[in-house]
Amino acid sequence: MKTLAVISLCIFVTCLQQIEAACPTGSSAQGSYCFIASKSEQKYTSAWIFCKAAGCNLAVPDTTDKRTQLKSFMSSNSIVDSNVFFGSVDAIVEGTWVKSPTGETWSDINWATSEPSGGSNQNCLSVKSSTGTWEFEAKSCGSSYKFICECDAV
Ligand SMILES: [Ca+2]
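Residues numbered from 1 in each chain as written. Predicted model: local features only at pLDDT ≥ 70, side-chain atom pairs only at ≥ 80, totals over all residues.

A. Highlighting the overall build of the protein. Within the protein one finds 3 helices and 8 strands. Going from N to C terminus, the protein has its helices and strands arranged as α-β-β-α-β-α-β-β-β-β-β. Taking contacts inside the protein between residues at least 6 apart in sequence as the whole, the part at least 24 apart equals 63%. (Helix = DSSP H or I, 4+ residues; strand = E, 2+ residues; numbered from the N terminus. Contact = placed C-beta atoms within 7 Å.)

B. The arrangement of helix 3 (residues 64–76) in detail. The end-to-end C-alpha distance of helix 3, which contains 13 residues, comes to 19 Å, matching closely the 18 Å that a straight helix rising 1.5 Å per residue would cover. Taken together, the buried positions of helix 3 are occupied by Gln69, Leu70, Phe73 and Met74. The arc that holds every buried residue of helix 3, seen down its axis, measures 135 degrees, which confines them to one face. Summarising the geometry of helix 3, the exposed residues directed more than 90 degrees from the buried face are Thr64, Asp65, Ser75 and Ser76. (Expected span 1.5 Å × (residues − 1). Buried ≥ 20, exposed ≤ 12 C-beta atoms within 10 Å, placed from the backbone. Arc of directions from axis to C-beta.)

C. Summary view of the nonpolar core. Among the nonpolar cores identified, the biggest contains 32 residues, and Leu58, Val84, Phe85, Ile148 and Cys149 are the most heavily contacted of them. Listing elements by their share of this core, those giving two or more residues are strand 2 (33–37), helix 2 (44–53), helix 3, strand 4 (84–89), strand 6 (124–129), strand 7 (135–139) and strand 8 (146–151). Ignoring sequence-local partners within four residues, the contact set of Leu58 consists of Ala47, Trp48, Cys51, Phe85, Phe86, Gly87, Ser100, Phe147 and Cys149. (Core = buried A, V, L, I, M, F, W, Y, C linked by C-beta atoms within 7 Å.)

D. Representation of the confidence of the model for the protein in the model. On average, residues of the protein carry a pLDDT of 90, and 88% of them reach 70 or more. Taken as a whole, residues 9–15 scores under 50 in pLDDT and shows 0 contacts with residues more than four places along the chain or in a different chain. (pLDDT = per-residue confidence, 0-100.)

Have a look at this one:
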């Protein structure tokens, strides 16, 4: 009976290890993702450099699953729902939002009402509210916000 319990525990632990991603040093597993929460508010460029220096990129919240995991991660790191930079800009062609670093265009972004606004003065993607289905807005890249890095699992 004891042996059976040990075997069951091992199988359980193995399952947990498979669910949680193995993450590079400095990042934390959240579901199948590896994230780093910013400790301070930074301008977009500084946030981008911070993530790059960690071997990662600004997180791109482009799937429902990733948004769900980001929401949990942000909550457990006391990052509020609004004013968080993510990896996307329309700095190259105004109005054309591309993901960083891939340059892919979005098939859809759930913009908040009246967004994206600001024209060429607002070229960096921020979340306005991560409740429900998430709503995004364009923000000035020179403003300073918290941000999340996304790292490849190892
Ligand atoms: Ca813009």
